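Chain residues, written in single-letter form:
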Amino acid sequence: MLFKGKEDVVIDNTDEEYAVRQESFFYYLFGVKEVGCYACIDIDKEEITLFIPTPVLAHKIFMVVYDKGDFEKMYGTRTEYVKDMEMVVEKMGTKKIYVNYGKNSDSGLTTLVPEEKWMEKYPVDKDAVHPILCECRVIKSPQEIEIMRVAAKAGVECHLEAMKHCRPGVLESYVLSKLESYGKENYNTDIQPYLGIVASGMGAATLHYRLNDKLIEENELILCDCGQLIQGYASDITTTFPSNGKFTPEQKAIYNIVLKMNRTVEAKLKPGVSWRDMHLLSERILLSGLKDLGILKGDVKEMAEKRVGYLFMPHGLGHLIGIDVHEVGGYLKSTPERDAQPGLRNLRTARHMLERMAITVEPGCYFIDFLLNDGAKLLGIPTSYIDFDKIQPYMKLGGVRIEDDVVITETGIDLLSAGLPRTVEQIEAFMAGKDWKAIPEGSWISEVA
């Protein structure tokens, strides 16, 4: 099996490079962070050979340069130079080369594979490896889970730091900088696993809001979606809290619906549970809650069937997580296919839960003017269930999302992102500098079937 690692990526036509992460499959298999490498696995002998760029001695003047001996000490792996790869592979008695070729079910992009010049002498199998490696990455080893637990712990502490520094009159970027610097200072975190989001007010209605440049105002909700990367593994956590430390009645009502969605799903997760079913359950809780507020009218089951829930939660319930924040393995030939219906087609997986699978639980509720009007018409989703007079006080709210990282256990879940104030009362106590942990969370399990 032959694998290619990430190359340096230069900025335009300059001599400076972007900060890059190792190609995820390469890191998963070999743990090598340095760029420009290849690796080979001799299947018969169960041996790994790492191939590295030939060091340029003059570069030692201005950068750290590693040779073969350095790599063998760092990674405990036989190491050769890339320039000798053709000869080394031939001496192995190679009869066939397997490469990790496949398409990512989230992006539609294909994996990084070695150049043809390294394989032109041999038959090449592009089909066998990818589904096996994807399935391996879906099920986490005990060691991986412990690394992810640290990444989640770092993420939790970073979110607490963001809440401490949030107040009206500061920029969203100020809050984000406090969060990210805390991770670097206290955990030596790697580059961020994804671009962080600190969205205030109506900015929270943009699911992947990236501006982070607005001045935070009084009585706004702040949606903070940020993760940390430790030893190559990601956390992905979202908190939503009031800018001045106190929820308005409308903010509290929506927040409590989303918290009920989050906690009910987490209570039901265990091996064998369908992720698609959990998404539909969260939608029914959302529809029922909005109906209780008078925002919606009509039969909840009927609204769910007509996909009205999509108008308020236009994303999937969550995603697999690991080395990639959106981990591979969501849709394979051996798993349930993607549903074409609005909302369900946004699910990054429709799999049944398996023990040691890591996944996020991130229900939300958003008030997106376009989606409630033109978007609904384009999708053929009826808006007759919406009371547009009753919804008006909520439109400037933006949105609420509550996201946790969990690992499926034999009987339920291991909540990696524990340690955050999650109820309205806990959040208000924390932002007032009080002991929020003394306030019990209570039960937030919905009885909606």
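Use the structure listed above.
Every value quoted in this text rests on a predicted model; they were computed, and no experiment measured them.

What counts and what doesn't
- Residues numbered from 1 in each chain as written.
- Predicted model: local features only at pLDDT ≥ 70, side-chain atom pairs only at ≥ 80, totals over all residues.
- Heavy atoms only, no water.
- Core = buried A, V, L, I, M, F, W, Y, C linked by side-chain atoms within 4.5 Å.
- Buried < 20%, exposed > 50% of the residue type's maximum accessible area, 1.4 Å probe, protein only.
- Helix = DSSP H or I, 4+ residues; strand = E, 2+ residues; numbered from the N terminus.
- Contact = heavy atoms within 4.5 Å.
- Phe/Tyr/Trp six-rings, centres within 6.5 Å; stacked < 30°, edge-to-face > 60°.
- 1 Å grid on protein atoms, 1.4 Å probe; cavity = no way out; pocket = protein on both sides within 12 Å on 5 of 7 lines; lining within 4 Å.
- Points joined across faces, edges and corners; volume = space filled by probe spheres on them.
- Nonpolar A, V, L, I, M, F, W, Y, C, P; charged D, E, K, R; others polar.
- Pairing = 2+ DSSP bridges.
- Right-handed = clockwise from strand over helix to strand, strands pointing away.
- Axes fitted to C-alpha atoms, helices over the stretch in contact; angles between N-to-C directions.
- Salt bridge = Lys/Arg side-chain N within 4 Å of Asp/Glu carboxyl O.
- Polar contact = N/O pair within 3.5 Å; in protein donor to acceptor, adjacent residues only side chain to side chain.

## What to know about the nonpolar core
No. 1: Counting 89 residues, the largest nonpolar core has Leu-269, Phe-312 and Phe-367 as its most contacted members.
No. 2: Per-element accounting of this core gives the leading share, 8 residues, to helix 8 (residues 275–292).
No. 3: Those residues in contact with Phe-312 that lie beyond four places of it in its chain are Leu-286, Leu-290, Ile-295, Leu-296, Gly-364, Cys-365, Tyr-366, Phe-367, Leu-372, Ile-386 and Ile-391.

## Comments concerning the packing of aromatic side chains
No. 1: This structure, assessed with the given rule, holds 8 aromatic pairs.
No. 2: Judged by centre distance (5.7 Å) and plane angle (70°), the ring pair of Phe-3 and Phe-30 falls under edge-to-face. Residue Phe-3 is located in strand 1 (residues 2–4), and its partner Phe-30 is located in helix 1 (residues 24–30); the two are separated by 27 residues in the primary sequence. Just as Phe-3 is buried, Phe-30 falls in that class too.
No. 3: Seen from their ring centres, Tyr-66 and Phe-71 are 6.0 Å apart, and the 90° between their planes marks the pair as edge-to-face.

## Focus: empty space enclosed by the protein
Rolled over the atoms, a probe with the dimensions of a water molecule shows which regions are left empty.
No. 1: Scanning the entire structure with this criterion turns up 1 cavity of 30 Å³ or more.
No. 2: There is about 70 Å³ of room inside the largest cavity.
No. 3: Looking at the lining of the largest cavity element by element, the count peaks at 3 residues for helix 3 (residues 85–91).
No. 4: In the lining of the largest cavity, the residues fall into 6 nonpolar, no polar and 4 charged.

## Observations concerning the pairing of strand 4 (residues 78–81)
No. 1: With 4 bridges connecting them, strand 3 (residues 47–52) and strand 4 associate as parallel partners. Each bridged residue has a counterpart across the sheet, and for Ile-52 the counterpart in strand 4 is Tyr-81.
No. 2: Where the polypeptide runs from strand 3 across helix 2 (residues 68–75) and back to strand 4, its parallel neighbour, the crossover connection is right-handed.

## Quick word on the sheet that holds strand 15 (residues 404–408)
Note on sheets: strands pair through backbone hydrogen bonds, and any given pair is parallel or antiparallel.
No. 1: Read across the sheet, 3 strands follow the order 12-15-16 without closing on themselves; strand pairing throughout is antiparallel. Only two strands of the sheet have a single neighbouring strand rather than two, namely strand 12 (358–361) and strand 16 (413–415). Pairs of neighbouring strands in the sheet enclose a mean axial angle of 35°, with direction left out of account.
No. 2: Two strands pair when backbone bridges link them, and strand 15 and strand 16 are joined in this way by 3 bridges, in the antiparallel orientation. Looking across to strand 16, one finds that Ile-408 is bridged to Ile-413.

## A look at the pattern of salt bridges
No. 1: This structure, assessed with the given rule, holds 28 salt bridges.
No. 2: The shortest N-O distance in the salt bridge between Lys-4 and Glu-115 comes to 3.0 Å. Note that Lys-4 is positioned in strand 1 and Glu-115 in the loop between strand 5 (97–98) and strand 6 (124–125), a separation of 111 residues in sequence.
No. 3: Under the relative-accessibility criterion, Glu-115 is labelled partly exposed at 30%.
No. 4: We note a salt bridge from Lys-83 to Asp-84, for which the minimum N-O separation is 3.3 Å.
No. 5: Assessed through its relative accessible area of 57%, Lys-83 is described here as exposed.
No. 6: Overlapping salt bridges, with partners in common, bring together Arg-263, Glu-266, Asp-404, Arg-422 and Glu-441 in one network.

## Thoughts on unusual backbone geometry
No. 1: Phi at Asn-188 takes a positive value of approximately 50°, unusual for a residue other than glycine.
No. 2: When you line up the elements, Asn-188 lands in the loop between helix 6 (172–187) and strand 7 (197–200).
No. 3: Residues other than glycine seldom take positive phi values, yet Arg-356 does so here, at roughly 75°.
No. 4: Tracing the sequence through the fold places Arg-356 in the loop between helix 9 (300–305) and strand 12.

## Quick notes on the side chain of Asn-100
No. 1: The topology assignment puts Asn-100 in the loop between strand 5 and strand 6.
No. 2: Taking relative accessible area as the criterion, Asn-100 reaches 3% and is therefore assigned buried.
No. 3: Within the structure, Asn-100 has its side chain in polar contact with the side chain of His-130 (distance 3.0 Å).
No. 4: Residues contacting Asn-100, with those up to four places away along its chain left out, are Phe-3, Phe-25, Thr-111, Leu-112, Val-113, Val-129, His-130 and Leu-133.

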